[in-house]
Amino acid sequence: MTDLGLPEGIQACLFDLDGVVTKTAAVHAAAWKEMFDAFLREREGPAFRPFDAVEEYDEYVDGRPRADGVRTFLAARGIELPEGTPDDPPDAVTVHGLGNRKNVLLLEKIRTGGVEAYDGTLRYIEAARAAGLRTAIVSSSANCRDVLRAIGAEHLFDVRVDGVVAAERGLPGKPHPDTFLAAARDLGLEAKQAAVFEDALAGMDAGRSGDFGYVVGIDRVGQTDALYKHGADVVVQDLAELGGKA
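Here's a quick rundown of the structure. These figures come from a predicted structure and were not determined experimentally. All residue numbers refer to position in the chain's written sequence, counted from 1. Local features in this predicted model are restricted to residues whose pLDDT is 70 or higher, and side-chain atom pairs enter the listing and the counts only when it is 80 or higher, whereas totals over whole chains, interfaces and linings include all residues. The side-chain values count all of the structure's non-hydrogen atoms but skip hydrogen atoms and water molecules.

Quick notes on the pattern of salt bridges
Link 1 in the chain: Here, a salt bridge means any side-chain nitrogen of Lys or Arg that lies within 4 Å of a carboxyl oxygen of Asp or Glu. Tallying each qualifying case throughout the model produces 19 salt bridges.
Link 2 in the chain: Across the pair glutamate 154 and arginine 149 runs a salt bridge whose closest N-O atoms are separated by 3.0 Å.
Link 3 in the chain: In this structure, the salt-bridge partner of lysine 192 is aspartate 211, at a minimum N-O distance of 3.3 Å. Here lysine 192 is found in the loop between helix H8 (178-186) and strand S4 (194-198), whereas its partner aspartate 211 is found in the loop between helix H9 (201-209) and strand S5 (214-218), with 19 residues between them in sequence.
Link 4 in the chain: On the basis of relative accessibility, which here comes to 52%, the residue lysine 192 falls in the exposed class.
Link 5 in the chain: Because the salt bridges share partners, they merge into one network encompassing Asp16, Lys174 and Glu198. Secondary structure follows DSSP: runs of H or I at least 4 residues long count as helices, runs of E at least 2 residues long count as strands, and numbering of each begins at the N terminus. For every residue, the accessible area (1.4 Å probe, protein chains only) is compared with the maximum for its type, and the residue is labelled buried under 20%, exposed over 50%, or partly exposed between those bounds.

Spelled out as structure tokens, the structure:
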């Protein structure tokens, strides 16, 4: 293993954004809960079963493109809605409408609370780049670039494959590996030459099914066993545990 805690032969690091680089996973979970609870309360009345911002978020929503998260959760609850279109207003009772409603709530929470980065991740990225490794950000978020700019980290990545890029290229999101594979290709590398860094179970599935050289799970919420079950080669609570000194 190298000083970065990676196998020899790894030439690039592919990082998820929320929960890996930035402390925004909890903000996403809160926005999803606020949106789904309001929808379920209106649909089912006061006796509705609230959205579980831990278990249901991890299982059905975390790491997936916004509309996929809506679809997956609704299917688990046996609810069918019209698809609508990505331009649906946030009050539309459609898959895309609910997704857009969640995004409005998310942006408001980020605007009022700001965005914080994980210092251990930023130091690790700087160390990786100093060691000659290429870096990419791979996120389902359409707000990825704005968030990176907010923490002054856009310059740390050679390639960005986010929700905007995925839509432009027609790439399915996590748990499919396509966005990670696209990032590796954009760096001129094969999957085996790249390591994936993820905190979401859907991201673990993407890293494993894409046959990447190494899959690092980052456990921010006490799901180490699940991360290993979904394909992690190693699980850490902070990337500082892998080594790397910038």
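Read on, since the account is not over.
With respect to the nonpolar core
Link 1 in the chain: Buried residues of nine kinds, namely Ala, Val, Leu, Ile, Met, Phe, Trp, Tyr and Cys, make up a nonpolar core once their side-chain atoms join them within 4.5 Å. Formed by 37 residues in total, the largest nonpolar core has its most connected members in Leu6, Phe15, Val21, Phe197, Val216 and Leu239.
Link 2 in the chain: Secondary structure elements with two or more residues in this core: strand S1 (12-15), helix H1 (25-44), helix H4 (95-113), helix H5 (119-130), helix H6 (144-150), S4, S5 and strand S6 (234-236).
Link 3 in the chain: Residue contacts are counted whenever heavy atoms from the two residues lie within 4.5 Å of one another. In this structure leucine 6 touches Met1, Cys13, Tyr124, Leu133, Ala195, Phe197, Tyr214 and Val216, once residues within four positions along its chain are discounted.
Link 4 in the chain: Leu171, Phe180, Ala182 and Ala184 belong to the second-largest nonpolar core, a separate cluster that totals 20 residues.

Comments concerning the state of the cysteines
Link 1 in the chain: Pairs of cysteine sulfur atoms within 2.5 Å are what we label disulfides. For the structure on display, the rule yields zero disulfides.
Link 2 in the chain: Left without a disulfide partner, cysteine 13 is nearest to the cysteine sulfur of cysteine 144, which lies 16 Å away.
Link 3 in the chain: Cysteine 13 sits in the buried class, given a relative accessible area of 0%.

Brief notes about the packing of aromatic side chains
Link 1 in the chain: Only centres within 6.5 Å qualify two rings of Phe, Tyr or Trp (six-membered ring in Trp) as a pair; their planes then separate them into stacked at under 30 degrees, edge-to-face at over 60, and tilted for everything else. For the coordinates displayed, the defined rule picks out eight aromatic pairs.
Link 2 in the chain: Judged by centre distance (5.4 Å) and plane angle (20 degrees), the rings of tryptophan 32 and phenylalanine 36 are stacked. Here tryptophan 32 and its partner phenylalanine 36 are both found in helix H1, four residues apart, which amounts to about one turn of the helix.
Link 3 in the chain: Accessibility expressed as a relative area gives 0% for phenylalanine 36, which makes it buried.
Link 4 in the chain: Between phenylalanine 51 and phenylalanine 73, the aromatic rings sit 5.0 Å apart at their centres with planes inclined by 85 degrees, giving edge-to-face as the arrangement. Of this pair, phenylalanine 51 sits in the loop between H1 and helix H2 (55-61) while phenylalanine 73 sits in helix H3 (residues 66-76), and the two are 22 residues apart along the sequence.
Link 5 in the chain: Residue phenylalanine 73 is classed as buried on the basis of its relative accessible area of 0%.

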